[in-house]
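# Coordinate inspection notes
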Amino acid sequence: MTGNATGPTVTDEVVASLHGTGDPRLRELLTGLVRHLHAFARESRLTRQEWERAIGFLTATGQACTDTRQEFILLSDVLGLSMLVEDINGHQAPGATESTVLGPFHLTESPVREPGADIDLVGGGEPCVVSGRVLSRDGTALPGALVDVWQADGHGFYDVQRPDAQPAGNGRGLFTADGEGRFWFRTCVPSPYPIPTDGPVGELLRATGRHPYRPAHIHFIAAAAGHAPVTTHIFVAGSDYLDSDAVFAVKDSLVTDFAETDDPSLARDFGVASPFRHARVDLVLERAS
């Protein structure tokens with residue numbers, strides 16, 4: 001190193017400084033990051049004021065993070081990076097459930113629920129039943145599979161967003177599939193809602209003239225022994241914003257019919273009034289490699 005880095009040579013100087021990095025993958029990632037960031041600065045002729053504003057934006061993004069809100073994940077989501085990483089790493093074989101973004105409101109420990117439990121603890125939304133199976137890609141049922149579920153309430157808010165109006169764990173549940181891989185729960189039909197806009201990500205959306213809305217959906221993580229877990233959603237068929245999701249997460253295979261069902265016998269089995277809305281979903285996992 002010369003110790004006299006200038007515009008044309010500083011990139012090579014920084015890359016050379018990484019050669020002693022012990023982890024080869026870390027060295028590869030940092031080298032690529034430096035080269036791309038420097039190329040962006042040169043191509044856009046980044047000004048000092050713009051650089052300072054970007055630093056301020058990233059600082060504010062970090063300051064907006066809490067134990068229950070991850071503003072950096074939200075930023076990654078609205079830039080499409082979260083969905084891109086999912087697509088790069090998904091490698092779903094034909095027939096397996098497609099993955100999509102985790103989102104900023106997953107909690108590491110959802111409350112354990114019994115089969116058929118109602119995760120809508122506050123009411124106010126249209127009641128529905130979600131039922132399905134966890135299967136291996138060859139159609140074999142996966143008994144004892146875990147199904148982690150979370151969603152917003154009927155007004156479009158997660159429990160951590162409105163702790164004064166929702167009890168902790170509202171809209172969440174961790175279910176265990178039965179001996180035939182089946183699971184089911186009661187809830188409310190989700191509705192479209194805006195992602196949080198009271199922080200730096202909201203400022204970015206307003207500056208770029210973008211809306212903050214997500215189509216109606218329920219989140220899932222399904223996991224079973226010997227299989228790769230999948231993080232996914234089901235989206236309500238016919239929902240607004242299916243073609244303009246603020247976080248680019250909609251996949252056609254995940255759009256699900258929440259059908260009105262007028263079957264008094266089935267309603268009795270599920271413990272709901274008839275008619276009711278019913279969504280059926282199979283979560284199909286690949287075997288672990």
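These remarks concern the structure in this document. What you see is a predicted model; the values in this text were computed from it and never measured.

### Topic: the state of the cysteines
By the definition in use, this model includes 0 disulfides. Counting only cysteine sulfurs, Cys128 is the nearest neighbor of Cys188, a cysteine outside any disulfide, at a range of 6.9 Å. The exposure class of Cys188 is buried, given its relative accessible area of 1%.

### Things to note about the sheet that holds strand E10 (residues 259-261)
By way of backbone hydrogen bonds, the strands of a sheet pair with one another, either parallel or antiparallel. With mixed pairing, 4 strands are arranged side by side in an open sheet as E4-E1-E11-E10. This sheet does not close on itself; its edge strands, each paired only once, are strand E4 (182-188) and E10. Taken over all neighbouring pairs, the strand axes of this sheet differ in orientation by 35 degrees on average, direction set aside. In the sheet, E10 pairs with strand E11 (residues 276-285) via 3 bridges, with the strands oriented antiparallel. In the strand pairing of E11, Thr261 is matched with Phe276.

### Regarding the packing of aromatic side chains
What characterises a pair of aromatic rings is the spacing of the ring centres plus the angle enclosed by the ring planes. On inspection of all chains with the given rule, the structure shows 8 aromatic pairs. Relative to Phe270, the ring of Trp184 has its centre 4.9 Å away and its plane inclined at 45 degrees; by these criteria the two rings are tilted. With Trp184 in strand E4 and Phe270 in helix H7 (residues 264-270), this residue pair connects regions lying 86 residues apart in the sequence. For Trp184, a relative accessible area of 23% gives the class partly exposed. Under the relative-accessibility criterion, Phe270 is labelled buried at 12%. Three or more aromatic residues link up through ring pairs in this structure, and these residues are Phe175, Phe183, Phe185 and Phe220. Just above the ring of Phe157 sits the side chain of Arg162; from NZ or CZ to the centre is 4.9 Å.

### What to know about a negative patch on the surface
A cluster of acidic side chains, namely Glu260, Asp262, Asp263 and Asp269, defines a negative patch on the protein surface. Here Asp269 lies in helix H7.

### Some details on the environment of Ala228
Relative to the helices and strands, Ala228 is located in the loop between strand E7 (217-223) and strand E8 (230-236). Judged by its relative accessible area of 32%, Ala228 falls in the partly exposed class. With 59 residues separating them along the chain, Ala228 and Arg287 place their C-alpha atoms 5.9 Å apart. Excluding residues that lie within four positions of it along the chain, Ala228 makes contacts with Leu285, Glu286, Arg287 and Ala288.

### Re the nonpolar core
Ranked by size, the top nonpolar core spans 27 residues in total, and within it Val130 and Phe220 carry the most contacts. Those elements that place two or more of their residues in this core are strand E1 (127-136), strand E2 (146-150), E4, E7, E8 and E11. With 4 residues, E11 is the single largest residue contributor to this core. In terms of nonpolar packing, the next biggest core, distinct from the first, is built from 13 residues, Leu75, Met83, Ile195 and Leu254 among them.

### Re the sheet that holds strand E9 (residues 255-256)
Read across the sheet, 5 strands follow the order E3-E2-E7-E8-E9 without closing on themselves; strand pairing throughout is mixed. Single-partner strands in this sheet number two, and they are strand E3 (172-176) and E9. As paired elements, E2 and E3 share 5 bridges and run antiparallel to each other. Paired with Leu146 across the strands is Thr176, a residue of E3.

### Side note on helix H4 (residues 71-78)
Counting buried positions along H4 yields 6 of 8 residues, so the element is predominantly enclosed. Turning to H4, its buried residues number three or more, namely Glu71, Leu74, Leu75, Ser76, Asp77 and Val78. On its buried side, H4 packs onto helix H3 (48-63), helix H5 (81-90) and helix H6 (200-207). A side-chain oxygen of the first residue of H4 lies 2.9 Å from the backbone nitrogen of Phe72; this N-cap is Gln70.

### Description of the packing of H4 against H6
Two elements in contact, H4 and H6, have axes separated by 9 Å at closest approach and are oriented at 25 degrees. Taken together, the axes of H4 and H6 are roughly parallel relative to one another. Along its contact with H4, which presents Glu71, Leu74, Leu75 and Val78, the element H6 presents Pro200, Val201, Leu204 and Leu205. In the contact of H4 with H6, the residues fall into 7 nonpolar, no polar and 1 charged.

The rules we used
Residues numbered from 1 in each chain as written. Predicted model: local features only at pLDDT ≥ 70, side-chain atom pairs only at ≥ 80, totals over all residues. Heavy atoms only, no water. Disulfide = S-S within 2.5 Å. Buried < 20%, exposed > 50% of the residue type's maximum accessible area, 1.4 Å probe, protein only. Pairing = 2+ DSSP bridges. Helix = DSSP H or I, 4+ residues; strand = E, 2+ residues; numbered from the N terminus. Axes fitted to C-alpha atoms, helices over the stretch in contact; angles between N-to-C directions. Phe/Tyr/Trp six-rings, centres within 6.5 Å; stacked < 30°, edge-to-face > 60°. Lys NZ or Arg CZ within 6 Å of the ring centre and 35° of its normal. Patch = residues over 30% accessible without salt bridge, like charges linked within 9 Å, V, L, I, M, F, W, Y side chains within 5 Å. Areas by Shrake-Rupley, 256 points an atom, 1.4 Å probe, with all protein chains shown as cover. Salt bridge = Lys/Arg side-chain N within 4 Å of Asp/Glu carboxyl O. Lys, Arg positive; Asp, Glu negative; His and termini not counted. Charge placed at Lys NZ, Arg CZ, Asp CG, Glu CD. Contact = heavy atoms within 4.5 Å. Core = buried A, V, L, I, M, F, W, Y, C linked by side-chain atoms within 4.5 Å. Polar contact = N/O pair within 3.5 Å; in protein donor to acceptor, adjacent residues only side chain to side chain. Parallel < 35°, antiparallel > 145°, perpendicular 65-115°, else oblique. Nonpolar A, V, L, I, M, F, W, Y, C, P; charged D, E, K, R; others polar.

By themselves, these figures tell us nothing about what the structure is for.
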